[in-house]
Amino acid sequence: MTAPASALRPPTTDELDPEERMSRAEIERLQLERLQWTVQHAYRNVPLYTRKFDEAGVHPDDIRTLDDVHRLPFTTKDDLRETYPFGMFAVPMADVARIHASSGTTGRPTVVGYTRGDLDRWGTLVARSLRASGIRRGMKVHNAYGYGLFTGGLGAHAGIEALGATVIPMSGGQTARQVQLIRDFEPDAILCTPSYLLTIADAMAAQGIDPRSTSLQVAVLGAEPWTNEMRHELEQRLGIDALDIFGLSEVMGPGVGNECLETKDGPHLWEDHFLPEVIDGDTLEALPDGERGELVFTSLTKEAFPVIRYRTRDITRLLPGTARPGMRRMEKVTGRNDDMIILRGVNLFPTQIEELVLGIEQLTPHFILELTKEGRMDALTVRIERHPDLSVETCEAAAQVLVQRIKVFIGSSVAVRLEEPGALPRSEGKYKRVYDLR
Ligand code: DLL
């Protein structure tokens, strides 16, 4: 295999979009102008927004400063379900160039739409995200996000094209084939979920290929929560840089924010197109930057599907920009409100267990969490594959260390059960980590 022709580097200032070079004050001016447009557009064209604004006693003309956003009503997934399938579209269907939908584990899927202009802006923002990750024209990008109604595949695809890089539209699944094409086509970059990259690395090893020996230099990973410990694991295993791409269908899809290669300190949010807030999920009060809570977005340029204060359920906090000082960052998402496990009064997120598992060298990253009832009490079992190269005794001892650390760092008593290598399901996209058997 040939050595990669070009070493990874962050974009130079001239390569950035003009908005990425704006000062904080310039971004906020642009945001206010765009917020005022969005609020008018949503109020005039989406009956649900007309009704909700009227009920809240707020009119688009009341939005005079960015802080006035706090006067607007929230939008939730239930609002989208209520107006299923197209009731939130703010333009005539003839102007809708594409529809996507997120599967949704319960009930109806969430349907979103894009005008031609929305698709162009989306492509630009994914291109900006990939460029921030060190990808540029002249590189080959293996896109293993699923194509179809999911926004990951086609969203990433358009961004790779907009950047002028070479796209390999592999989609998800068919892992053996993924490995073969990575060997044969020698891509510089791979885009997929972090859990799927782990599956691909395992498949390489199973075929006798050293995962560090491939042409890959960088992975742009998202669509599910993952920790800095998982970043470290993947970077070591594959000899790559791993960057975090964030997004959700309701707000656009992938590319609402992305980490910058030079800092790797949580995604910068592309604030020229989205206004983020963090709120207390119980009181619904806006929280100051730096405090952890539920992430909320208002779109600023979307035509077909504007969203006003959309409650994402994702838990994070807003931090000042670093590599792009005009735009704020978010801390890597710890989890979603909906994924939080309440175990005998203690709240815990699967990512907290991931962090502890990856901190113990003799454990593998392949684990699932099972919730059961023992009498009237809830019980949590961590089922984890033992390390194929270590003795069962060593693995048992490591499992006991995990039990102890979960007790000390999270405050919960859990059971850890070792499984044979390969016994647990492997990811092909968003990984299902928690099984509630209660
Ligand atoms: O997962 C969009 C996407 C595709 C993002 C590819 C990045 C890469 P949905 O299917 O609507 O859209 O799921 C959105 O996934 O609310 C988060 O809970 C989670 N999520 C997405 N990106 C990240 C990330 C796509 N980088 C939901 N870190 C969001 C943590 C993420 N969670």
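An account of the accompanying structure is given in this report. Just so it is clear, the model here is predicted, and its values are computed rather than measured.

**Side note on the site of the ligand**
The ligand sits among 20 residues. The nearest are D244, I245, S249, D314 and K430. Note that an oxygen atom of the ligand is positioned 2.9 Å from one of the side-chain N or O atoms of K430. If the ligand stood free it would expose 600 Å²; the protein chains cover 94% of that surface. Counting residues per element, the ones that place at least two in the shell around the ligand are helix 5 (151-163) and strand 7 (241-248).

**Remarks on the environment of K264**
Its location among the elements puts K264 in the loop between strand 8 (253-258) and strand 9 (268-269). Distance from K264 to S133, taken between C-alpha atoms, is 9.0 Å for residues 131 residues apart in sequence. Among all residues touching K264, those that are not within four sequence positions of it are R231, E235, D241, A242, L243 and E259. At 2.6 Å, the side chain of K264 forms a polar contact with the side chain of E235. Side-chain polar atoms of K264 contact the side chain of D241, separated by 2.7 Å.

**Things to note about the nonpolar core**
Of all hydrophobic cores here, the largest spans 70 residues; its most connected members are Y49, I135, L191 and F297. No other element matches the seven residues that helix 4 (residues 116-132) contributes to this core. In this view, I135 contacts L130, V141, L163, A165, A189, L191, V218 and V220; residues no more than four positions away in its chain are not counted. If you look at the next biggest cluster of nonpolar residues, it comprises 24 residues, including L363, F367, V382 and I406.

**With respect to the pairing of strand 7**
With respect to burial, strand 7 is a largely interior element, six of its eight residues being buried. Chirality of the crossover, the property in question, places the unit of strand 6 (residues 218-222), helix 8 (residues 228-238) and strand 7 among those that are right-handed. Relative to strand 8, strand 7 runs antiparallel, the two sharing four bridges. Following the sheet pairing, G247 is matched in strand 8 by P254.

**A short note on the environment of V96**
Checked against the element boundaries, V96 lands in the loop between helix 3 (77-82) and strand 1 (98-102). Along the primary structure V96 and R116 are separated by 20 residues, whereas in three dimensions their C-alpha atoms are 7.2 Å apart. Residues in contact with V96, not counting those within four places in the same chain, are F89, V91, G113 and Y114.

**What to know about the side chain of D202**
Mapped onto the fold, D202 is located in helix 7 (residues 194-206). At a separation of 2.8 Å, a polar atom in the side chain of D202 contacts the side chain of R237. Contacts of D202, omitting those with residues within four sequence positions, involve R237, H366 and R426.

**Description of the sheet that holds strand 18 (residues 363-374)**
Within the open sheet, the four strands sit side by side as 20-19-18-21. Their pairing is mixed. Since the sheet does not close on itself, it has two edges, and those belong to strand 20 (415-419) and strand 21 (434-436), each with one partner. Each strand axis lies, on average, 25° off the axis of its neighbour in the sheet, ignoring direction. Summarising the sheet, strand 19 (residues 377-386) and strand 20 pair through five bridges and their orientation is parallel. Bridge assignment links R383 to a residue of strand 20, and that residue is R417. Sheet strands in contact with helix 10 (residues 392-409) are strand 18, strand 19 and strand 20, and its direction is about 155° off that of strand 20.

**Digging into unusual backbone geometry**
A cis amide bond links Y84 to the next residue, P85, at an omega of -5°. By the element assignment, P85 lies in the loop between helix 3 and strand 1. The residue Q174 is not glycine, and still its phi comes out positive at about 50°. With respect to the helices and strands, the residue Q174 is situated in the loop between strand 4 (166-168) and helix 6 (175-185). Within the chain, K264 stands out as a residue other than glycine whose phi angle is a positive 45°.

**With respect to the sheet that holds strand 15 (residues 335-336)**
Sheet strands pair via backbone hydrogen bonds, and the direction of the pair is either parallel or antiparallel. The four strands are arranged 10-11-12-15 in an open sheet whose pairing can be described as antiparallel. Both outer strands of the open sheet, strand 10 (274-279) and strand 15, are each paired with one neighbouring strand and no more. Direction of pairing for strand 12 (residues 310-316) relative to strand 15: antiparallel, over a ladder of two bridges. In the strand pairing of strand 15, I315 is matched with G335. Contacting strand 10 and strand 11 (293-299), helix 1 (residues 24-45) runs over the sheet at an angle of about 90° to strand 10.

**So, the packing of aromatic side chains**
According to the stated counting rule, one finds seven aromatic pairs in the structure shown. Residues F274 and F297 carry aromatic rings whose centres are separated by 6.3 Å and whose planes lie at 75° to one another, so their mutual orientation is edge-to-face. Within this pair, whereas F274 is found in strand 10, its partner F297 is found in strand 11, the two being separated by 23 residues in sequence. Across from the ring centre of Y435, 4.6 Å away, lies the NZ or CZ of K432, which sits over that ring.

Criteria and thresholds
Residues numbered from 1 in each chain as written. Predicted model: local features only at pLDDT ≥ 70, side-chain atom pairs only at ≥ 80, totals over all residues. Heavy atoms only, no water. Near = heavy atom within 4 Å. Polar contact = N/O pair within 3.5 Å; in protein donor to acceptor, adjacent residues only side chain to side chain. Areas by Shrake-Rupley, 256 points an atom, 1.4 Å probe, with all protein chains shown as cover. Helix = DSSP H or I, 4+ residues; strand = E, 2+ residues; numbered from the N terminus. Contact = heavy atoms within 4.5 Å. Core = buried A, V, L, I, M, F, W, Y, C linked by side-chain atoms within 4.5 Å. Buried < 20%, exposed > 50% of the residue type's maximum accessible area, 1.4 Å probe, protein only. Right-handed = clockwise from strand over helix to strand, strands pointing away. Pairing = 2+ DSSP bridges. Axes fitted to C-alpha atoms, helices over the stretch in contact; angles between N-to-C directions. Phe/Tyr/Trp six-rings, centres within 6.5 Å; stacked < 30°, edge-to-face > 60°. Lys NZ or Arg CZ within 6 Å of the ring centre and 35° of its normal.

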